[in-house]
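Residue strings, one per chain:
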Amino acid sequence: AVPSGAELLVGSTKLFDLYDFLRSYREQTGDLDQVYEKNVRRFLGGRGKVNRGMQETLKTAPERFGLYNNGITIVASDWQQTGDQIELADPYIVNGCQTSRTIWEVFHQRYSSGGTGVNPENEEWKQRANDGAVVTKIVKVGSDGENLLQAITRYTNSQNAVREKDFLALTEDFRSWQIQMAEKFNIYLEIQRGGWDSQKALQNTNPATRQFGQHVNAADLIKVFGAGWLCEVGAAFGKNPPFLPEGSVFKRIVASPDNGEVGFG
């Protein structure tokens, strides 16, 4: 990576190095999905065409991955660079969740399967994968850089595939409500697309973590509230913008003196 101003590093990361980073992160935190908490979505699995395409490239032509992929963006409160080694403080992947998690899934499967013997096909794949890379931007946002972090997340996720309502994940109200819904009602409030699938996977693999039996999607909940309590049934049925941050109905909900803590009243 090379500096581009005081706050930005731009370069490429070997696929194996990114996998090692994710593996180390999971070992230290116990939950890989924490690195995506500032992203607008969680991992959507292999259901979508794009993710399936990335899986296919990683399995059949890993050395070409960097040619076909737009890359990832990582924000950190600080970094230290020594030669080719970069140490990140409080890192989050804010763009490239699908890319990095697909890399994780394919590589983890390769390394966790098979016996103790040498598999010629697997060895040949490792040699090709060693030439693969992913374009990487690393942004230093500082310890008080929440506004900069949100702006980076929004602008780097402005592709057509990202729905406007996915940006609910960047709203402080929803993060606070997610905590309150868990503490008061033991309900998981899904504020990131794919969040509930990730939470269920975490619960299955970590029995000691909080076990939610119910969940509700934040965007759907806002619409239900707007339709039922604010009589915005027609708008709720046919429109999204009024119910998103900065939307007219959303502002009425947040501004209501009766919305209470877990909002909505």
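Above: the structure in question.
Please read these numbers as outputs of a predicted model, since none were measured by experiment.

As a further point, take the packing of helix α4 (residues 97-112) against helix α5 (residues 120-129). In contact at an axis separation of 11 Å, α4 and α5 are set at 145 degrees when each is read in the N-to-C sense. Of the two possible hands of crossing, α4 and α5 adopt the one that is left-handed. Residues Val106, Phe107, Arg110 and Tyr111 of α4 form the contact with α5, whose participating residues are Glu121, Asn122, Trp125, Lys126 and Ala129. Its residues assigned to classes, the contact of α4 with α5 comprises 5 nonpolar, 1 polar and 3 charged.

A few words on the pattern of salt bridges. One pass over the structure, following the stated rule, counts 9 salt bridges. Among the salt bridges present, the one from aspartate 33 reaches arginine 101, with a minimum N-O distance of 2.9 Å. Taken as a pair, aspartate 33 in the loop between α1 (15-29) and α2 (49-60) and arginine 101 in helix α4 lie far apart in primary sequence, 68 residues in all. Just as aspartate 33 is buried, arginine 101 falls in that class too. Here glutamate 63 makes a salt bridge to arginine 128, at a shortest N to O gap of 3.0 Å. Linking glutamate 63 in the loop between α2 and α3 (65-68) with arginine 128 in helix α5, this pair joins segments that are 65 residues apart in sequence. Here the salt bridges do not stand alone but share partners, grouping Asp33, Arg101 and Glu105 into one network.

Calculation notes
- Residues numbered from 1 in each chain as written.
- Predicted model: local features only at pLDDT ≥ 70, side-chain atom pairs only at ≥ 80, totals over all residues.
- Heavy atoms only, no water.
- Axes fitted to C-alpha atoms, helices over the stretch in contact; angles between N-to-C directions.
- Helix = DSSP H or I, 4+ residues; strand = E, 2+ residues; numbered from the N terminus.
- Left-handed = near helix turned anticlockwise from the far one by under 90°.
- Contact = heavy atoms within 4.5 Å.
- Nonpolar A, V, L, I, M, F, W, Y, C, P; charged D, E, K, R; others polar.
- Salt bridge = Lys/Arg side-chain N within 4 Å of Asp/Glu carboxyl O.
- Buried < 20%, exposed > 50% of the residue type's maximum accessible area, 1.4 Å probe, protein only.

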